[in-house]
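One letter stands for each residue in the lines below.
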Amino acid sequence: MNLELVTIGVIVANVLVSLKGFDDYAFRSKYMFNVGAIHRGEHLRMITSAFLHADMQHLAFNMITLFFFANTVIFELGATNFLLIYLGSLLLGSLFSFYFHKNEYHYSALGASGAVSGILFSAILLRPHMMINFIIPGYVFAVGYLLFSIYGMKKRTGNIGHDAHFGGAVAGFIITLALRKELLFEQTWIVIAMAVSDYRIVCIEQNGENIKSTSSKKKISRFKRFKKQKVHTYV
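The residue count restarts for each chain, going from 1 along the sequence in the order it is written. Reporting of local features is limited, given that this is a predicted model, to residues whose pLDDT is at least 70; pairs of side-chain atoms are given and counted only at 80 or more, and all residues count toward the totals for whole chains, interfaces and linings. Hydrogens and waters are ignored; side-chain quantities use all the structure's heavy atoms.

### Considerations on the overall build of the chain
How we decide: Secondary structure elements are defined from DSSP: runs of H or I of at least 4 residues count as helices, runs of E of at least 2 residues count as strands, and each element is numbered from the N terminus. Pairs of residues are marked as contacts when any of their non-hydrogen atoms sit within 4.5 Å.
Summing up its helical and strand segments, the chain has 12 helices and 4 strands in all. If you take every contact in the chain between residues at least 6 apart in sequence, the share linking residues at least 24 apart comes to 75%.

### Considerations on the pattern of salt bridges
This is how it is decided: We count a salt bridge whenever a side-chain nitrogen from Lys or Arg sits within 4 Å of a carboxyl oxygen from Asp or Glu. Burial classes: relative accessible area under 20% of the type maximum marks a residue as buried, over 50% as exposed, and values in between as partly exposed (1.4 Å probe, protein chains only).
A complete count under the given rule lists 5 salt bridges for this structure. Between glutamate 76 and arginine 180 there is a salt bridge, with its nearest N and O atoms 3.3 Å apart. Of this pair, glutamate 76 sits in helix α5 (residues 56-77) while arginine 180 is found in the loop between α9 (162-179) and α10 (183-186), placing the two residues 104 residues apart along the sequence. Assessed through its relative accessible area of 19%, arginine 180 is described here as buried.

### Focus: the confidence of the model for the chain
Stated precisely, the cut-off is as follows: Across the chain, each position has a pLDDT score giving the predictor's confidence in that residue, from 0 to 100.
Overall, the predicted model of the chain reaches an average pLDDT of 78, with 69% of residues at or above 70. Here residues 209-235 is modelled with pLDDT under 50, and outside its nearest four sequence neighbours on either side it reaches 22 contacts, counting other chains as well.

### Looking at the packing of helix α1 (residues 5-23) against α5
Formally: Every axis in this analysis is a line fitted to C-alpha atoms, fitted for helices over the stretch in contact. Angles between the N-to-C directions lie between 0 and 180 degrees. Roughly parallel refers to an angle under 35 degrees, roughly antiparallel to one over 145, roughly perpendicular to one between 65 and 115, and oblique to any angle outside these ranges.
Two elements in contact, α1 and α5, have axes whose closest approach is 10 Å; the angle formed by their N-to-C orientations is 170°. As summarised for this structure, α1 and α5 are arranged roughly antiparallel, according to the angle between their axes. Along its contact with α1, which presents Val6, Thr7, Val10, Ile11, Asn14, Val15, Ser18, Leu19 and Phe22, the element α5 presents Met56, Leu59, Met63, Leu66, Ala70, Asn71 and Ile74.

### So, the side chain of asparagine 34
Inclusion rule: N or O atoms within 3.5 Å of each other form a polar contact, as long as, within protein, one can give a hydrogen and the other can take it, and as long as residues adjacent in sequence are counted only when both atoms are side-chain atoms.
Following the sequence through the fold, asparagine 34 ends up in strand β1 (residues 33-34). Given a relative accessible area of 15%, asparagine 34 falls into the buried group. In this structure the side chain of asparagine 34 is engaged in a polar contact, spanning 3.1 Å, whose partner is the backbone nitrogen of glycine 36. Among the polar contacts listed, one links the side chain of asparagine 34 to the backbone nitrogen of alanine 37, at a separation of 2.9 Å. Not counting chain neighbours up to four residues away, the residues in contact with asparagine 34 comprise Arg45, Tyr105, His106, Tyr107 and Ser108.

### Thoughts on helix α7 (residues 113-126)
Structural remark: α-helix, 3.6 residues per turn; residues separated by three or four positions point the same way. Applicable threshold: To estimate the expected span of a helix, subtract one from its residue number and multiply by 1.5 Å.
For α7, built from 14 residues, the straight-helix expectation of 20 Å at 1.5 Å per residue is met to within 8% by its first-to-last C-alpha distance of 20 Å. Burial analysis of α7 places 14 of its 14 residues in the buried class, the great majority of the element.

### Things to note about a nonpolar patch on the surface
Convention followed: A patch consists of residues exposed above 30% relative accessible area that lack any salt bridge, with like charges linked at up to 9 Å and nonpolar side chains (Val, Leu, Ile, Met, Phe, Trp, Tyr) linked at up to 5 Å. Surface accessibility in these figures is a Shrake-Rupley result with a 1.4 Å probe; residues are shielded only by whichever protein chains are displayed.
Together, Leu3, Leu5, Ile8, Val12 and Leu16 give the surface a local cluster of nonpolar side chains, amounting to about 460 Å² of exposed area. Turning to its location among the elements, leucine 16 is positioned in helix α1. Since its relative accessible area comes to 55%, leucine 16 is described here as exposed.

### As for the packing of aromatic side chains
Applicable threshold: Any Phe, Tyr or Trp ring, taking Trp's six-membered ring, that has another such ring centre within 6.5 Å forms a pair; planes under 30 degrees apart are called stacked, those over 60 apart edge-to-face, and the others tilted.
Per the stated rule, a full pass over the model turns up 7 aromatic pairs. Aromatic side chains phenylalanine 27 and tyrosine 31 sit 5.1 Å apart centroid to centroid with 55° between the ring planes, which places their arrangement in the tilted category. Of the two residues, phenylalanine 27 and tyrosine 31 are both situated in helix α2 (residues 25-31); the distance of 4 residues between them amounts to about one turn of the helix. Since its relative accessible area comes to 26%, tyrosine 31 is described here as partly exposed. Each ring, one from phenylalanine 96 and one from phenylalanine 166, has its centre 5.3 Å from the other, and the planes form 65°; the classification is edge-to-face. Linking phenylalanine 96 in helix α6 (residues 79-100) with phenylalanine 166 in helix α9, this pair joins segments that are 70 residues apart in sequence. By relative accessible area, phenylalanine 96 is classed as buried at 17%. Members of the aromatic cluster, connected to one another through ring pairs, are Phe96, Tyr99, Phe100 and Phe166.

Set out below in structure tokens:
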């Protein structure tokens, strides 16, 4: 598999910035995603954080994933649109993280996962029958990924930014459809399945926001009943 020049450029940018962050904690702290800093007007963090990574394993995982799926998007849509999807997914992933954690001023994050998720979902939408790990059809992986995001965002499992992954996936999905509208007719059922999964996640997260706002006004016992009812409705 040959690497396109644009893919090499994106990978090199991630590697250089991440390596700097590994050795310079002040640099990493200055440019990583942090809700409190963004509230203070440091909006550039929403972009710069996506070129930083926690460690070499984190960096390698994202870049290897990008390596495997970038060529599909570039071949189908071109290098310029590849960059559009990458940067659009990066930004929407950060916006989702900010929206869902806007009241958690301590919340910090870093990594290219949102951008890479957008490329991954764009590739799957363009070639839904491509095989992931040689055994999983792309469309099955896509729906499973979104369902895992529903669970992860609901339970906040592990040290993973599920909301950024989801935001990136949504951006990759929408931008690819905007560029290739015929996919609505060629891959109709896959588009519907992914759109329904996206809608369920938004409902769950909006429900979580409603629960938080209600808890400050109602007794604990009533809050528990309300929470149980709402979760059961959407899960």
